[in-house]
Amino acid sequence: LLLLLLIPSLLFSAPKFTGGDCSFCEKIFYPSGQRYVGSFKNGRPEGSGVMYMGKGYKKDKISGLWVDGLPTKAIYKWSNGDYFTGSWKKAAPDVGIHFYTNGTKEIGHFINENANTNSSSWDNKLWNGEKILPNGDKIFIKDGKPNNQY
């Protein structure tokens, strides 16, 4: 699946601007295949915008608010219909809800100790919160592991 932690390295790669002065740009293309459409400040995404992931994740996208080139409050939508909505820290999901197409919801604080490396994927996320299954069962999660079912 998606390696969310690739986002920082991809965002900081040399972009190709589609206009003159970057402060007036509306689109930016990255060598990684990503494309950002939105507002800019000092040559980086700032304010409202959408990052289309490109390459193997062509239909995945992050839309929301950006500060200094990174998402801060955003929705990550996967091509399969799953999505995460909430706050972001160091280009990784922080606090929010991950909705799955099968009806499962994960609510809580998503901890990513390796936010600046490419070693972790979304599948290996560490988080604290509650998992609500499609049948309504709830599982409390502590440090990424089920703690109790109630």
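All values reported here derive from a predicted model rather than from experimental measurement. (Residues numbered from 1 in each chain as written. Predicted model: local features only at pLDDT ≥ 70, side-chain atom pairs only at ≥ 80, totals over all residues. Heavy atoms only, no water.)

## So, the packing of aromatic side chains
Next up, step 1: What the rule picks out here adds up to seven aromatic pairs.
Next up, step 2: Relative to Phe-40, the ring of Tyr-36 has its centre 5.1 Å away and its plane inclined at 80 degrees; by these criteria the two rings are edge-to-face. For the pair shown, Tyr-36 and Phe-40 are each scored as buried.
Next up, step 3: Each ring, one from Tyr-36 and one from Trp-66, has its centre 5.4 Å from the other, and the planes form 80 degrees; the classification is edge-to-face. Note that Tyr-36 is positioned in strand S3 (residues 35-41) and Trp-66 in strand S5 (residues 57-67), a separation of 30 residues in sequence.
Next up, step 4: Residue classification places Trp-66 among the buried positions, given a relative accessible area of 1%.
Next up, step 5: One Lys or Arg, Arg-35, reaches over the ring of Tyr-52 and ends 4.2 Å from the middle of that ring. (Phe/Tyr/Trp six-rings, centres within 6.5 Å; stacked < 30°, edge-to-face > 60°. Buried < 20%, exposed > 50% of the residue type's maximum accessible area, 1.4 Å probe, protein only. Helix = DSSP H or I, 4+ residues; strand = E, 2+ residues; numbered from the N terminus. Lys NZ or Arg CZ within 6 Å of the ring centre and 35° of its normal.)

## Looking at the side chain of His-98
Next up, step 1: Mapped onto the elements, His-98 comes out in strand S8 (residues 92-99).
Next up, step 2: A distance of 3.2 Å separates polar atoms of two side chains, one belonging to His-98 and the other to Tyr-100. (Polar contact = N/O pair within 3.5 Å; in protein donor to acceptor, adjacent residues only side chain to side chain.)

## A word on the side chain of Ser-32
Next up, step 1: Positionally, Ser-32 belongs in the loop between strand S2 (27-29) and S3.
Next up, step 2: A relative accessible area of 16% means that Ser-32 is categorised as buried.
Next up, step 3: Separated by 3.4 Å, the side chain of Ser-32 and the backbone nitrogen of Gln-34 make a polar contact.

## Considering the nonpolar core
Next up, step 1: Counting 17 residues, the largest nonpolar core has Tyr-36, Met-51, Ile-62, Tyr-76 and Trp-88 as the members making the most contacts within it.
Next up, step 2: Put simply, the parts of the chain that give this core at least two residues each are S3, strand S4 (44-54), S5, strand S6 (70-77), strand S7 (83-89) and strand S11 (138-142).
Next up, step 3: Aside from chain neighbours lying at most four places away, what touches Tyr-36 is Glu-26, Lys-27, Ile-28, Tyr-30, Pro-45, Glu-46, Gly-47, Ser-48, Gly-49, Val-50, Met-51 and Trp-66. (Core = buried A, V, L, I, M, F, W, Y, C linked by side-chain atoms within 4.5 Å. Contact = heavy atoms within 4.5 Å.)

## A short note on the environment of Asp-94
Next up, step 1: Note on placement: Asp-94 falls in strand S8.
Next up, step 2: On the accessibility criterion, Asp-94 (16% relative accessible area) is buried.
Next up, step 3: Between the C-alpha atoms of Asp-94 and Lys-73, which are 21 residues apart in sequence, the distance is 9.5 Å.
Next up, step 4: Once you skip the residues sitting within four places of it in the chain, Asp-94 turns out to touch Phe-84, Ser-87, Trp-88, Lys-89, Gly-108, His-109 and Phe-110.

## Side note on the pattern of salt bridges
Next up, step 1: Tallying each qualifying case throughout the model produces two salt bridges.
Next up, step 2: In this structure, the salt-bridge partner of Asp-68 is Arg-44, at a minimum N-O distance of 3.2 Å. On the criterion of sequence distance, the pair formed by Asp-68 in the loop between S5 and S6 and Arg-44 in strand S4 is long-range, its members being 24 residues apart.
Next up, step 3: As a salt-bridge pair, Glu-106 and Lys-131 come within 3.5 Å of each other at their nearest N and O atoms. Placement of Glu-106 in strand S9 (residues 105-111) and of Lys-131 in strand S10 (residues 126-132) is noted, with a sequence separation of 25 residues between them.
Next up, step 4: For Glu-106, a relative accessible area of 4% translates into the label buried. (Salt bridge = Lys/Arg side-chain N within 4 Å of Asp/Glu carboxyl O.)

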